[in-house]
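# Coordinate analysis (summary)
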Amino acid sequence: MSFIRHQEEKLAMRFLQWRYQNLGLPIPPPQDLEKQVVQLVEDAHRIARERGRNIVSIMKDLATDLKDKNK
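This report concerns the structure included in the present document. In this numbering scheme, every chain counts its residues from 1 along its sequence in written order. For this predicted model, a pLDDT threshold of at least 70 governs which residues receive local features, and a threshold of 80 or more governs which side-chain atom pairs are given and counted, while totals over whole chains, interfaces and linings are taken from all residues. The basis for the side-chain values is all heavy atoms of the structure; hydrogens and waters are excluded.

## Remarks on helix α2 (residues 30-51)
Note the threshold: Helix and strand labels come from DSSP, where a helix needs a run of H or I of at least four residues and a strand needs a run of E of at least two; each type is numbered from the N terminus. Helix span, as expected, comes to 1.5 Å for every residue beyond the first. Exposed residues in this analysis have more than 50% of their type's maximum accessible area, buried residues have under 20%, and partly exposed residues fall in between, with area computed by a 1.4 Å probe over protein chains only. Throughout, the arc means the angular range of directions from the helix axis out to the C-beta atoms. Residue contacts are counted whenever heavy atoms from the two residues lie within 4.5 Å of one another.
Its 22 residues give α2 an end-to-end C-alpha distance of 31 Å, which sits within 8% of 32 Å, the value for a rise of 1.5 Å per residue. What α2 keeps buried is the set L33, V37, L40, V41, A44, I47 and A48. For α2, the angular spread of the buried residues around the axis is 130°, confining them to a single face. The outward face of α2, more than 90 degrees from its buried face, is lined by the exposed residues Q31, K35, R49 and E50. Summarising the contacts, the buried residues of α2 are in contact with α1 (3-23) and α3 (55-64). Remark: G52 follows α2 within two positions and exhibits a positive phi of approximately 75°.

Next up, the structure:
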C-alpha cells in the first residue's frame, strides 16, 4: 500500500469515528470499521476518477452519508 493511500485511510478512519460519535452511534468493531474505511477510500477514488473532484472532500461527503445508511 502506498504512503498516500495509507494516509487517506487514516483520515477516513478519523472521519468515520467522528461521525459515529457525532450521531451518538456505537463505533463498530475494528474489523468492521476497517472494511468501511477501505470501501470509503475506494469509493472516493472511483468518484474522483469519474467526476474529477478532490478525494478528501469526497470522503467527507461519504462519511456524512453515514447518518442516512444507519436509519
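## Things to note about the environment of M59
With respect to the helices, strands and loops of the structure, M59 is situated in helix α3. By relative accessible area, M59 is classed as buried at 0%. Linking M59 and L11, residues 48 residues apart in sequence, is a C-alpha distance of 8.8 Å. The residues contacting M59, other than those within four sequence positions of it, are E8, L11, A12, F15, L40, V41 and A44.

## Examining the nonpolar core
Note the cut-off: Throughout, nonpolar core names a set of buried Ala, Val, Leu, Ile, Met, Phe, Trp, Tyr and Cys residues whose side chains join them through atoms within 4.5 Å.
Core analysis: the biggest nonpolar cluster contains 17 residues, and A12, L16, L40, A44, I58, M59 and L62 have the highest contact counts within it. If you list the elements that add at least two residues to this core, you get α1, α2 and α3. For this core, the element with the most residues is α2, which contributes 7 residues.

In short, shape yes, function no, at least from these values alone.
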